[in-house]
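Below are the chains, spelled out letter by letter.
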Amino acid sequence: MIIDTLDNLEKYIGVNPLIGEVLEFVRAHDLKDLAVGHYVLKGDEVFLNIDMSEGKTRSDAFLEFHHKMMDIQIPFDEEEYGWSPIEEVPHEDYDAARDIGFAPTIKPQQYVRCKPGMFVVFAPQDVHAPLITEAREIKKAIFKIKV
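The paragraphs below set out a description of the structure included in this document. Just so we're clear, the structure is a prediction, and the values are computed from it rather than from any experiment.

**Some thoughts on the side chain of Ser84**
- As for its placement among the helices and strands, Ser84 is situated in strand β6 (residues 79–85).
- A polar contact of 2.9 Å, which involves the side chain of Ser84, links it to the backbone nitrogen of Gln109.
- Not counting residues up to four positions away in its chain, the partners in contact with Ser84 are Leu63, Lys107, Pro108, Gln109, Gln125, Asp126 and Val127.

Dropping the structure here:
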C-alpha cells in the first residue's frame, strides 16, 4: 500500500509505468467534475471508475482484493481504508472474471486516512476495506491498472 499526496504521484511511475497514464489524465481533467461512470484510458490496461457509494462504518466495511489490477483511489472527501496483507485472507471468494474477491469475516489489521488531495495505491498484495467515512455518500476516482 502507498499513501501520499497527488503532488507526488509522478514519483511512483517506477512502481508501474502505467501510473504515467493516470498522471496525464489527472493533470488534464478535474476529476470532481466527471460524471459517475467508466472511462477507458488505455484499453484493458488502465481505466477509471468515478464512483458514488454509500459510506460505511469500520464494522460495516469489508475487505476486498484483486489479483490482476492495482487500484489508485482518489477520494474527493476524507475516506478511511482498512488494510491487511493478502497472506491472511482466504481466497475462496474470488471472481476471476471481475478480478475481485471478498473477505467479509476478516477484520483489517490497520487503518489509514486519505484526505482530499491525496491518493492511496492498493497492489494485489494489499487487501483493503474502502468507503469508511462519516458521510452518507462518498464520490471518488478509482483508477485500475494492470499489473
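**Brief notes about unusual backbone geometry**
- Residue Asp99 is not a glycine yet carries a positive backbone phi of 50°.
- Structurally, the position occupied by Asp99 is in the loop between β7 (94–95) and β8 (100–103).
- Exposure remark for Asp99: the relative accessible area of 6% places this residue in the buried category.
- Backbone geometry places Leu131, a non-glycine residue, at a positive phi of 75°.
- For Leu131, the position within the fold is in strand β11 (residues 126–132).

Thresholds, definitions, all that
- The residue count restarts for each chain, going from 1 along the sequence in the order it is written.
- Totals for whole chains, interfaces and linings use every residue, but because this is a predicted model, local features are given only for residues with pLDDT of at least 70 and side-chain atom pairs only at 80 or more, for both listing and counting.
- Hydrogens and water are ignored here; the side-chain numbers use all heavy atoms of the structure.
- Counting from the N terminus, the helices are DSSP H or I runs at least four residues long and the strands are E runs at least two residues long.
- Polar contact is the term for a pair of N or O atoms within 3.5 Å; when the atoms are in protein, one must be able to donate a hydrogen and the other to accept it, and sequence-neighboring residues count only if both atoms are side-chain atoms.
- Two residues qualify as a contact provided that any one of their heavy atoms is within 4.5 Å of a heavy atom in the partner residue.
- The rule is simple: take the accessible area with a 1.4 Å probe, protein chains only, and divide by the maximum for that residue type; under 20% is buried, over 50% is exposed, in between is partly exposed.

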